[in-house]
Amino acid sequence: NWNKQAEIESTEAIPNANQPLQFQGLALSEVKEILEKTFEIEIIFENAALEDCLVSVDFPQRDLNYIMEIMAGIYGFSWNVEENIYRISGGTACP
């Protein structure tokens, strides 16, 4: 189980490639950092308020497009990718 407690106070720890990504009570800003390190990408939020939303979701698949689609459904944002930069636009208040 890889979650905030196993993180040992640092988003420097990237889960093993064979483990699912599990986020329990993390701010979206922390999830952003983990995704950036795990997938070697950059994520830019145009709506900075979204970064304070708490995330509790497990992703059994390490498929970034799948993860982005699920998160977009939860937070109502749209996203596009150009090279390794994912731009997050729109979005509603935290659910």
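You'll find the structure just up there.
1. So, the overall build of the chain
Turning to step 1, where the next piece is worked out: Counting its regular elements, the chain contains 2 helices and 5 strands.
Turning to step 2, where the next piece is worked out: Classification of the 95 residues of the chain by burial places 36% in the buried group.
Turning to step 3, where the next piece is worked out: When contacts within the chain are restricted to residue pairs at least 6 apart in sequence, those whose partners lie at least 24 apart make up 49%.
Turning to step 4, where the next piece is worked out: For the chain, the accessible surface area stands at approximately 5,400 Å², while carbon and sulfur atoms represent 46% of it.

2. Observations concerning the side chain of Thr 38
Turning to step 1, where the next piece is worked out: Mapped onto the elements of the fold, Thr 38 is located in helix α1 (residues 28-39).
Turning to step 2, where the next piece is worked out: Within the structure, the side chain of Thr 38 is placed 2.7 Å from the backbone oxygen of Ile 34, a separation counted as a polar contact.

3. Comments concerning helix α2 (residues 64-75)
Turning to step 1, where the next piece is worked out: Its 12 residues give α2 an end-to-end C-alpha distance of 16 Å, which sits within 8% of 16 Å, the value for a rise of 1.5 Å per residue.
Turning to step 2, where the next piece is worked out: All of the buried residues along α2 are Leu 64, Ile 67, Met 68, Met 71, Ala 72 and Tyr 75. Along the axis of α2, the buried residues cluster in a sector spanning 135°; they form a single face.
Turning to step 3, where the next piece is worked out: Residues of α2 that are buried make contact with β1 (21-27), α1, β3 (54-59), β4 (77-82) and β5 (85-90).
Turning to step 4, where the next piece is worked out: The N-terminus of α2 is capped by Asp 63, whose side-chain oxygen sits 3.0 Å from the backbone nitrogen of Asn 65.
Turning to step 5, where the next piece is worked out: Just downstream of α2, Gly 76 is the residue with a positive phi angle, here 70°.

4. What to know about the state of the cysteines
Turning to step 1, where the next piece is worked out: Applying the stated rule across the entire model yields 1 disulfide.
Turning to step 2, where the next piece is worked out: Disulfide partner of Cys 53: Cys 94, at an S-S distance of 2.0 Å. A torsion of -90° about the S-S bond marks the disulfide between Cys 53 and Cys 94 as left-handed. Of this pair, Cys 53 sits in the loop between β2 (42-45) and β3 while Cys 94 sits in the segment after β5, and the two are 41 residues apart along the sequence.
Turning to step 3, where the next piece is worked out: Residue Cys 53 is classed as buried on the basis of its relative accessible area, which comes to 2%.

5. Quick notes on the sheet that holds β2
Turning to step 1, where the next piece is worked out: Ordered by their spatial adjacency, 3 strands build an open sheet running β2-β5-β4, and the pairing between neighbours is mixed. With one partner strand each, in any of the chains shown, β2 and β4 form the two edges of the open sheet. Going from strand to strand, the sheet's axes swing by 20° on average, the running direction of each strand aside.
Turning to step 2, where the next piece is worked out: Sitting on the sheet, α2 is in contact with β4 and β5, with an inclination near 155° to β4.

Rules of the game
- Residues numbered from 1 in each chain as written.
- Predicted model: local features only at pLDDT ≥ 70, side-chain atom pairs only at ≥ 80, totals over all residues.
- Heavy atoms only, no water.
- Helix = DSSP H or I, 4+ residues; strand = E, 2+ residues; numbered from the N terminus.
- Buried < 20%, exposed > 50% of the residue type's maximum accessible area, 1.4 Å probe, protein only.
- Contact = heavy atoms within 4.5 Å.
- Areas by Shrake-Rupley, 256 points an atom, 1.4 Å probe, with all protein chains shown as cover.
- Polar contact = N/O pair within 3.5 Å; in protein donor to acceptor, adjacent residues only side chain to side chain.
- Expected span 1.5 Å × (residues − 1).
- Arc of directions from axis to C-beta.
- Disulfide = S-S within 2.5 Å.
- Pairing = 2+ DSSP bridges.
- Axes fitted to C-alpha atoms, helices over the stretch in contact; angles between N-to-C directions.

Functional significance is not addressed by these values, which are geometric in nature.
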